[in-house]
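# Summary of structural features
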Amino acid sequence: MDRNGDPQALGEEALGRLMRSNQPGNLSLAGAYAWGYAALGHAQQEGTDPHWYQEIDPLDALFLGTIWPKNVENEFQFANAREAWLRLLRGTVHGKGIQRFVREAVAASEELGLPVDDGHLMLALAGRLEAAGLDQRRLPRRLLPEAALQGSRAVLGPSLHLPLPDPPADAKEQVKRFWKDAGKQWWGEDTPLVILRDGLRRFHDAGLPVKKESGLLLPALYTALLAKPGELLEDMGAHAWAWALSLDEASPLVPVLDILLVAPERELSVAETLGHLLAVPAFTEPIPSEALLWTGSPGLALPRLAFELGMTEVSTREKEITPDLLDWAGTLARMRLGSAARESAALLEEAADSTDGTDDVQDEADERWAERREAVREAVLHKIRKKSGGTAATHRRFDQPVERLWNADGSSVIRVSPDSPHAQKMKKAMKGQLKAFREKFGRDPGPGDPLFFDPDADEPTPVTKEHFDGVLLDMAERAADMGIDPAFLHAWREVGYVVTEENRSTFTTAEVLAFGRAVARHRQASE
């Protein structure tokens, strides 16, 4: 193929060829992408595209093509099915094809100067996939999602008949102690038991019946572990279910999550549920690191795989994502989608009020389990919505001098107490930066100028990640002379943020744990 031609024209020609040579059920990776891209365009043209289609990137489009013309319930089911399917392909020749797909998408983005999820880029990508040979091998039917994900936990959840472990002999005493310890400090402890207990305390403070409703246990665990303060309490149930089903079935945390998922289905009491949890070793062991990362939204799989392949940056329409920002991107995605979903629901409600109504049609007659699960989830969500009144998730306050104020769409600002020592340090740092700016450029910074600038640039240019990483590495080499633990600086560089006593209330438990574990790894590596 002539790569010197118009990439979009070449992509359009390739799309036509791929769709003629591939049919649903008989697809190559390139063919699946072509059908997914066409499905996106058709839905947009017909006005039937759900709000979350705006988040889809090339890898999502490929997966969409493998399931078309079937629909999924929402963005969470879509993303979790995508994750489960990609895990199935790992280690196969088609898994290597997915890796090639990701490389082509990122390379096209860099060469064309377009985000990976830009429509023009996604059209041009079709030509590259064909030229890369990703249409030469068909996916066997057993690896297509319809067959491969039959009965998948990621899609349907755990079986309603899941055998539960017998509670320990002293379960009643342990449950009593669980509630008795609810008011204790938990910082630094990283077991599901401790994190769940803190989440239940938060829900109790919000007026929810935490000792009566087992359906509140999973949302409480999610809220204390992953939820940002700006996430609305009414979203906690849906986000918790999506997170719980996103984990690989091999994760040691899955037995804990499955008990939390089936407990309300079986109408278990909170005490009974806690008794079963206490019989699972993972409930009192450190929470696994893979559970600290949100993957249950469209747009997150491609950058994650790109980073696994050694790429350092993926450009999206929202922002440039680097490995340390992947969790941040997931946070913004779920909060942005939650806000969009509420707007979409409000519009649908208005439209329904202006018509006589339509008949509801069941897509699948044999989805009794899924329907019951949805009914239970809706009952839990109703209780949360009723109590929350659309307020943000409550987070424990420690009277910290630094506070992050969140909006429902994921945007936020940092507020610093003006009388705190932290504020005084910041004022001194700002004065130093202002002086450095004047010395470098001979003037005061303007409205669009970065105060923290690249010292090697001739014009005011924001500090790049590469430059900042270099500064941290240089500081780490001199850390001992400055009385600083170098592992602290290496961890900062790895995860992209630093947690201190002063600012830790601005981070989720998952972020605090991720930073602490990074510090521990770097300390061990230096021994």
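Report on the accompanying structure. What you see is a predicted model, and the numbers here were worked out from it, not measured in a lab.

Moving on, we get to the pattern of salt bridges. Overall, the coordinates contain 21 salt bridges when judged by the stated rule. One salt bridge in this structure joins arginine 90 and glutamate 308, with 2.8 Å as the shortest N-O distance. Here arginine 90 is found in the loop between α4 (75–89) and α5 (93–112), whereas its partner glutamate 308 is found in helix α15 (residues 301–308), with 218 residues between them in sequence. Close ionic contact of arginine 128 with glutamate 111 constitutes a salt bridge, the shortest N to O distance being 2.7 Å. In this pair, arginine 128 is assigned in helix α6 (residues 119–131) and glutamate 111 in helix α5, connecting sequence segments 17 residues apart. Through salt bridges with shared partners, a single network forms among Asp60, Arg82, Glu83, Arg90, Arg304 and Glu308.

Taken together, the side chains of Glu110, Glu313, Glu320 and Glu466 define an acidic patch exposed on the protein surface. Positionally, glutamate 110 belongs in helix α5. Take glutamate 110: its relative accessible area is 60%, and that puts it in the exposed class.

With that settled, the discussion passes to the nonpolar core. If you look at the biggest cluster of nonpolar residues, it comprises 116 residues, and the most contacted ones within it are Trp85, Ile98, Leu196 and Trp243. The element contributing the most residues to this core is helix α2 (residues 29–46), with nine residues. Once residues lying within four places of it in the same chain are set aside, the contact partners of tryptophan 85 are Leu29, Leu62, Phe63, Thr66, Ile98, Leu139, Leu143, Leu144, Pro145 and Leu149. Residues Ala487, Val495, Tyr497 and Phe507 belong to the second largest nonpolar core, which totals 11 residues.

Mapped onto the elements, proline 50 comes out in the loop between α2 and α3 (58–67). A relative accessible area of 26% places proline 50 in the partly exposed class. The spatial distance from the C-alpha of proline 50 to the C-alpha of alanine 340 is 9.9 Å, given a sequence separation of 290 residues.

A separate point is the packing of aromatic side chains. All told, the structure shown has 14 aromatic pairs when counted by the stated rule. Centre to centre, the rings of phenylalanine 488 and phenylalanine 515 are 5.4 Å apart; their planes meet at 85°, and the pair counts as edge-to-face. Residue phenylalanine 488 is found in helix α21 (residues 486–495), and its partner phenylalanine 515 is found in helix α22 (residues 509–526); the two are separated by 27 residues along the sequence. For phenylalanine 488, a relative accessible area of 26% gives the class partly exposed. Given a relative accessible area of 5%, phenylalanine 515 falls into the buried group. Site record: aromatic cluster; members linked through ring pairs are Trp52, Tyr53, Phe63, Phe78 and Trp85.

Here we come to the packing of α4 against α15. Interhelical geometry of α4 versus α15 gives an angle of 30° and a closest axis separation of 11 Å. Judged on the interaxial angle alone, α15 and α4 are roughly parallel. Residues Arg82, Glu83 and Leu86 of α4 lie in contact with α15, whose contacting residues are Ala301, Arg304 and Leu305. Split by residue class, the contact of α4 with α15 holds three nonpolar, no polar and three charged.

Here we take up the packing of α5 against α6. For the pair α5 and α6, the least separation of the axes is 10 Å and the interaxial angle reads 125°. In terms of orientation, α5 and α6 fall into the oblique class. Every pair of crossing elements has a handedness; the one defined by α5 and α6 is right-handed. Each of Phe101, Glu104, Ala105, Ala107, Ala108, Ser109, Glu111 and Leu112 in α5 lies in contact with α6, whose residues at this interface are Leu121, Ala124, Leu125, Arg128 and Leu129.

Glancing now at unusual backbone geometry. A cis amide bond links tryptophan 68 with the next residue in sequence, proline 69, at an omega value of 10°. For proline 69, the position within the fold is in the loop between α3 and α4. The backbone of glutamate 267 sits at a positive phi, close to 60°, despite the residue not being glycine. We classify glutamate 267 as exposed; its relative accessible area is 70%.

Okay, the side chain of aspartate 57 next. On the secondary structure map, aspartate 57 appears in the loop between α2 and α3. Although aspartate 57 is buried, it makes no salt bridge; arginine 82 carries the closest opposite charge, 6.0 Å away. Polar side-chain contacts of aspartate 57 include one of 3.1 Å to the backbone nitrogen of leucine 59. Setting aside residues up to four positions removed in sequence, aspartate 57 forms contacts with Asp117, Met122, Gly299, Leu300, Leu302 and Pro303.

What counts, and at which threshold
- Residues numbered from 1 in each chain as written.
- Predicted model: local features only at pLDDT ≥ 70, side-chain atom pairs only at ≥ 80, totals over all residues.
- Heavy atoms only, no water.
- Salt bridge = Lys/Arg side-chain N within 4 Å of Asp/Glu carboxyl O.
- Helix = DSSP H or I, 4+ residues; strand = E, 2+ residues; numbered from the N terminus.
- Patch = residues over 30% accessible without salt bridge, like charges linked within 9 Å, V, L, I, M, F, W, Y side chains within 5 Å.
- Areas by Shrake-Rupley, 256 points an atom, 1.4 Å probe, with all protein chains shown as cover.
- Lys, Arg positive; Asp, Glu negative; His and termini not counted.
- Charge placed at Lys NZ, Arg CZ, Asp CG, Glu CD.
- Buried < 20%, exposed > 50% of the residue type's maximum accessible area, 1.4 Å probe, protein only.
- Core = buried A, V, L, I, M, F, W, Y, C linked by side-chain atoms within 4.5 Å.
- Contact = heavy atoms within 4.5 Å.
- Phe/Tyr/Trp six-rings, centres within 6.5 Å; stacked < 30°, edge-to-face > 60°.
- Axes fitted to C-alpha atoms, helices over the stretch in contact; angles between N-to-C directions.
- Parallel < 35°, antiparallel > 145°, perpendicular 65-115°, else oblique.
- Nonpolar A, V, L, I, M, F, W, Y, C, P; charged D, E, K, R; others polar.
- Left-handed = near helix turned anticlockwise from the far one by under 90°.
- Polar contact = N/O pair within 3.5 Å; in protein donor to acceptor, adjacent residues only side chain to side chain.

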